[in-house]
Structures are given as structure tokens and as C-alpha cells.
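# A closer look at the structure
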Amino acid sequence: MSLRMKNNRIITIVFITLFCVTCSDNRSQSPASPRDATNTTGAVIRIVKKGLNYPWEIIWGKDNRIWMTERDGKISSIDPSNGNTIFSFTISEVEARNEGGLLGMALHPDFQHNGLLYVVYNYNNHNKHFEKLVCYTYANNTLSHPVVLLDGIVGSTNHNGSRLWITNDANPKIFLTTGDSFNSDLSQPTNTLNGKILRVNLDGSIPSDNPFPNNPVWTYGHRNPQGLVVVNDIIYASEHGPDIEDEVNIIEKGRNYGWPNVEGPCNGDEISFCKSHNVKEPIWSSGDNTLAVCGLDYYNNDRIPQWKNSLIMMTLKNSSIRQLQLSDNGRSIVDSKTYFENKWGRLRDICISQDGKVYVCTSNGGNNDMIIEISKL
């Protein structure tokens, strides 16, 4: 146990003791406090679809469908108006073990014309567990022509990452988060693919401007990042901590994010490592507990004005939606609020329609999962 963890727990005990003695609750909370619960009695909510089993990724497509992965290998598209499944395809190679399986997905920016769809999943090769990035072509209501773009990522029952994001510019790139696969020794070396955010071209080749030559690594020192969104050229990632310090980070080229030597902000005996290893500190952390932060998206629509200019983040352990309001320049968090705590169970991912409706998916298993629409708070 690090000195900082011990100090945090001592401080927590002292705080609880003082609270009980004074019976006072007048202390102000910091903007990023995880204990800010919000009334949602006026919310307009609709269940879009039930009977799902561990959905992992949901994407709002330009075709106005919700595209979804489930961990057992199924890719589907759903009509959000009635919940009907329009398309379904199962990748037989997927190995679903505990929290491993079919994970992140992204649609090509020109998906409606070229049908290119990218997924990352776990598989078994001679009793060894791996993870890879594969491109499929969607046409005639099926997927075909799989092309492996990146392979050799170590897989596990947990700590697999893995969220995808494709930039929407003249020369698109794929960003891919990977977990440390329960081996924290993999996170710091830049010659491994685990505990990283990777960046590759759409054909799987290495961009010439990556920070390490002929290397897909964009950033390193991650534990298990499971949320990724790009807003105004700023990349945000949410990341699971161990038993303290979940994080939201701004991802910058070539930077070290500290794991396993640093948990959350740099303090105490971590400061020397941070200074000598170019560690980038998070813009938000959960402090002395964890929420199991997951899917992440950006909201800036008038439909739900309370959420404008905010990162909206799903949590598993805390079973809630967390709003993280951004500063005007997007470089810091100025307020934090919690919604729908323990209403639907574990929440895995989020997508947002063009008209500002928010869709979230649960992660409870047993074919009891669902997609929920929130159109008003």
C-alpha cells in the first residue's frame, strides 16, 4: 500500500469522526466531487430495447440507427423508434470470458457509402488469449471481408480496454485503448501494446507522425481505459483505478499517464516519478474510492440544457450517469453531478442522437440488459 493511500484512509477516518461529533454538513465539496447527487423526477425516459446480454458499445450512426456490440460476439443495428433489430451478425472467433469478448466498435466517417466497420475483440490462439483490431465491410445486410489491422495485444478476463475512435478529418486515424491485462508491468514500456492508447491508419499501418517510430503507441502508463471521445481536437479518456483514483485524462501525444507508479494526481512519493517521467495528470479523479468509469461522450445540445458543454460518463460500480462540465477551453472540469444512481444497475456506454436524445446501455448480464432513452431532465 502506498504512503498516499494510507494517508488518504487516515484522513477519511478523521473526517468521519469529526462529522459524527459535530453533526454538521456545511462543508463545501470540490467541483469534481463524486458525491453530488441530482434529482431526476422530471426526466422523460423510454426503454428502447430489452433482452440484451452485456452490450459493450453503442454508436449513433448517420443512418439514425443505434449500432451495438455485445460481448458474446454479436453486432447489431437497432431502430431507436421501436427497438426492432434491423441487422445482426455474430463473429464466431470471439472469446467471451468474464469481461473479455467483443468490445469496442467504430464506424468509418463515410460508413454510409463504404460500409467499413471496425471492431476490437478477444480470441483464443492455442490456449493463449489475445486481442485484435479488425475491419469488416457491411453490405447487403451482412458483414464480410474481415481484415486484421492490429494483432498481438495480450488479452485477459479483464483489463482489456477497449474503446475505439476514428477521427473525422481528411486523413482519419484510429485510436484504440488497451488495458494492462492484469499485468501492470506492461503499461510503462513503449515496446508493448498493453496499457496504452494506440494510433494507426485505417489500413493498420503506423502513421509517420506517431511519437515512437514504427510503433502504434500514442500514450502509455494506462491501467484500463474504457471511455474515449474527441471534442474540438481534444482527446478525453476515462480510466479505471485500482481501489482509488478512477481518472478522466486529456490524451496528449507521447505522454506517460503514470500507471502503475502513479494513481490519480501526482502527490506524496509519486511526485519524483511524475517529474522524471513526463507524467500527465488527470483533469478529474474519483479520490479515495472508485466508480468503475466507462463509456464517455460529449453533450452540447439545447434539448438537455443542464448538460451543455459536458462530458457524460457511465459508471459500473457506482451505477450512475456522471456529468462532468467542462471549462470554456475544455481543459478542466468545473462541476460534477450524478444522475440516476442505482436506477438501472451497471451502465456501460452512451451515445447521443443528432437531436440531443441520450441513449445508455446497461451491463448486468443474464439477457436482462437494455438500452434506455433520456430525452429530458
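So, a few notes on the structure that sits alongside this text. Note that this is a predicted model, so its numbers are computed, not measured. (Residues numbered from 1 in each chain as written. Predicted model: local features only at pLDDT ≥ 70, side-chain atom pairs only at ≥ 80, totals over all residues. Heavy atoms only, no water.)

This part is about the overall build of the protein chain. For the protein chain, the count of helices and strands is three helices and 24 strands. On C-alpha atoms alone, the protein chain measures out to a radius of gyration of 20 Å, which is about the 21 Å that the 2.2 N^0.38 rule sets for 377 residues. Considering only C-alpha atoms, the protein chain reaches an extent of 70 × 50 × 40 Å along its principal axes. Relative to its full complement of 377 residues, the protein chain shows a buried share of 56%. Residue pairs at least 24 apart in sequence account for 54% of intrachain contacts in the protein chain once pairs closer than 6 positions are excluded. (Helix = DSSP H or I, 4+ residues; strand = E, 2+ residues; numbered from the N terminus. Rg over C-alpha atoms; globule rule 2.2 N^0.38 Å. Buried < 20%, exposed > 50% of the residue type's maximum accessible area, 1.4 Å probe, protein only. Contact = heavy atoms within 4.5 Å.)

If you walk through the whole model with that rule in mind, you get 14 aromatic pairs. Where Tyr 299 meets Trp 307, the ring centres are 6.1 Å apart and the plane angle is 85°; that geometry is what we call edge-to-face. By the burial criterion, Tyr 299 is buried, and Trp 307 matches it. With 6.5 Å between their ring centres and 40° between their planes, Tyr 339 and Phe 340 make a pair best called tilted. The two residues Tyr 339 and Phe 340 agree in class, both being buried. Chaining the aromatic ring pairs together yields one cluster made of Tyr 299, Trp 307, Tyr 339, Phe 340 and Trp 344. For the cation-ring pair, Arg 223 lies above Trp 259, with the distance from its terminal atom to the ring centre recorded as 5.3 Å. (Phe/Tyr/Trp six-rings, centres within 6.5 Å; stacked < 30°, edge-to-face > 60°. Lys NZ or Arg CZ within 6 Å of the ring centre and 35° of its normal.)

The next thing to look at is the sheet that holds strand β21 (residues 333–339). Spatially, the four strands line up as an open sheet ordered β18-β19-β20-β21, and their pairing is antiparallel. Pairing within the sheet leaves two strands with one partner each, and these edge strands are β18 (293–299) and β21. Between one strand and the next, the sheet's axes are offset by a mean angle of 20°, whatever the strand orientation. Bridge count for strand β19 (residues 310–315) against strand β20 (residues 320–326) is six bridges, and the pairing is antiparallel. By the bridge assignment, Met 314 is partnered in β20 with Ile 321. (Pairing = 2+ DSSP bridges. Axes fitted to C-alpha atoms, helices over the stretch in contact; angles between N-to-C directions.)

Once that is clear, we can look at the nonpolar core. Residues Trp 307, Ile 321 and Val 358 are the most contacted members of the largest nonpolar core, which totals 22 residues. When neighbours within four sequence positions are excluded, Trp 307 is seen to be in contact with Tyr 299, Ile 312, Ile 321, Gln 323, Tyr 339, Val 358 and Leu 377. By size, the runner-up hydrophobic cluster in this structure holds 20 residues, among which are Leu 133, Leu 149, Leu 164 and Leu 176. (Core = buried A, V, L, I, M, F, W, Y, C linked by side-chain atoms within 4.5 Å.)

Enumeration according to the criterion identifies one cavity of 30 Å³ or more in this entry. In this structure, the largest cavity occupies an estimated 60 Å³ of space. The wall of the largest cavity is formed by Arg 223, Glu 239, His 240, Gly 241, Pro 242, Glu 245, Glu 247, Tyr 257, Trp 259, Val 262, Glu 263 and Gly 264. (1 Å grid on protein atoms, 1.4 Å probe; cavity = no way out; pocket = protein on both sides within 12 Å on 5 of 7 lines; lining within 4 Å. Points joined across faces, edges and corners; volume = space filled by probe spheres on them.)

Before going further, it helps to examine the pairing of strand β5 (residues 85–90). The pairing of strand β4 (residues 74–78) with β5 spans five bridges and is antiparallel. Along β5, the bridge assignment pairs Lys 74 with Thr 90. Between the antiparallel neighbours β4 and β5 lie six residues, among them Gly 83 with a positive phi of about 80°.

Let us look at the sheet that holds strand β15 (residues 234–239). Reading across the sheet, the four strands line up as β14-β15-β16-β17 and stay open at both edges, with antiparallel pairing between neighbours. What marks the edges here is a single partner per strand, and that holds for β14 (225–231) and β17 (284–285). Pairing of β14 with β15 involves six bridges; the strand directions are antiparallel. Bridge pairing links Val 229 to Tyr 236 in β15.

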